[in-house]
Amino acid sequence: MTEPEGVLIYGAGGHGLVVLDAALRQSGLRVVGIVDDDLARRGERILGVEVLGDGSILPDPRFHSCRVVVAIGDAAARERAAGHVEAAGLGFAAIVHPTAFLAHGVSVGDGAMILPMAVVHTAASIGRHAIVNTGAIVEHECHVGDFSHIAPGACLAGNVTVGRSAHVGIGASVAPGVRIGDHAVVAAGAAVINDVPAGSVVGGVPARPLRKESV
């Protein structure tokens, strides 16, 4: 019988709690512990799993065979933490909740998180450390970029492209073929029918620019 693979969950906040639950349910994985940069949380137990310390523990030989999932909601913080993991020489685990549906031809990048009741349809690709959150729908041939977040209940129609570190807010809808640029933000409940430039923030029905962010 194959031994379960050891994983560390990096992040003890709200998103970390959700990812931890998914990891505990995923067959073939064994959650070794939680890493969090708030040293005050060391020794805390979450869903029965101990917070072992901050990122400085990652090079410890105890963890040399573990992979890591960076369970931090903020994209910039998630990317920084992923850099710390890489510097420690550890690889990444993708988390797919057992109730998520992945169709034929889907690719899932290292460290990605696909959460309860999410649907990722045929020939879609999910980038490294991206989040497809609870009940989100990613339709056929979509591409979700590295470190991006498709929030709960959001829906991407077919052939949508979401750039790196972009955010599609809760309950938002994106029409077929739309391109959302790197670091762009789609507000909750928006209906996006036109391309969204990199660094922009859009909202409303139909979605319109709210402000331009620095990329």
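Residues numbered from 1 in each chain as written. Predicted model: local features only at pLDDT ≥ 70, side-chain atom pairs only at ≥ 80, totals over all residues. Heavy atoms only, no water.

Caption draft 1: Just a nonpolar patch on the surface, in detail. Taken together, Leu 17, Leu 24 and Leu 47 make up a surface patch of nonpolar side chains, about 260 Å² in accessible area. Tracing the backbone shows Leu 17 in helix α1 (residues 14-25). (Patch = residues over 30% accessible without salt bridge, like charges linked within 9 Å, V, L, I, M, F, W, Y side chains within 5 Å. Areas by Shrake-Rupley, 256 points an atom, 1.4 Å probe, with all protein chains shown as cover. Salt bridge = Lys/Arg side-chain N within 4 Å of Asp/Glu carboxyl O. Helix = DSSP H or I, 4+ residues; strand = E, 2+ residues; numbered from the N terminus.)

Caption draft 2: Helix α2 (residues 75-87), seen in detail. Along its 13 residues, α2 runs 18 Å from first to last C-alpha, staying within 8% of the 18 Å computed at 1.5 Å per residue. When α2 is considered as a whole, its buried residues turn out to be Ala 75, Ala 77, Arg 78, Ala 81, Ala 82 and Val 85. Relative to the axis of α2, the buried residues are bounded by an arc of 155° and lie together on one face. Pointing more than 90 degrees away from the buried face of α2 are the exposed residues Arg 80 and Ala 87. Residues of α2 that are buried sit in contact with β1 (5-10), β5 (67-70), β6 (91-92), β10 (113-114) and β13 (131-132). Two or three places before Ala 76, at the opening of α2, Asp 74 has a side-chain oxygen 3.3 Å from that residue's backbone nitrogen. Just beyond α2, the residue with positive phi is Gly 89, at close to 85°. (Expected span 1.5 Å × (residues − 1). Buried < 20%, exposed > 50% of the residue type's maximum accessible area, 1.4 Å probe, protein only. Arc of directions from axis to C-beta. Contact = heavy atoms within 4.5 Å. Polar contact = N/O pair within 3.5 Å; in protein donor to acceptor, adjacent residues only side chain to side chain.)

Caption draft 3: View of the sheet that holds strand β14 (residues 137-138). In space, the six strands of this open sheet follow the order β8-β11-β14-β17-β20-β23, with parallel pairing throughout. Looking at which strands have only one partner, the edges of the open sheet turn out to be β8 (101-102) and β23 (191-192). Inspection of the sheet shows β14 paired to strand β17 (residues 155-156) by two bridges, in the parallel sense. Residue pairing across strands places Ile 137 opposite Cys 155, the latter belonging to β17. (Pairing = 2+ DSSP bridges.)

Caption draft 4: Expanded view of the side chain of Asp 54. Here Asp 54 lies in the loop between β4 (49-53) and β5. Here Asp 54 sits buried without a salt bridge, and the closest side chain of opposite charge, Arg 42, lies 6.7 Å off (N-O distance). In terms of polar contacts, Asp 54 uses its side chain to reach the side chain of Ser 56, at 2.5 Å. (Lys, Arg positive; Asp, Glu negative; His and termini not counted.)

Caption draft 5: Geometry of the sheet that holds strand β2 (residues 29-35). Strand order in the open sheet made by the six strands is β3-β4-β2-β1-β5-β6, with mixed pairing throughout. Only two strands of the sheet have a single neighbouring strand rather than two, namely β3 (45-46) and β6. Note: β1 against β2, six bridges, orientation parallel. Residue Ile 9 lies in a different strand from β2, and its bridge partner there is Ile 34. With respect to the sheet, α1 is in contact with β1, β2, β3, β4 and β5, its orientation differing from that of β2 by roughly 160°. (Axes fitted to C-alpha atoms, helices over the stretch in contact; angles between N-to-C directions.)

What is shown is where atoms sit, not what they do.
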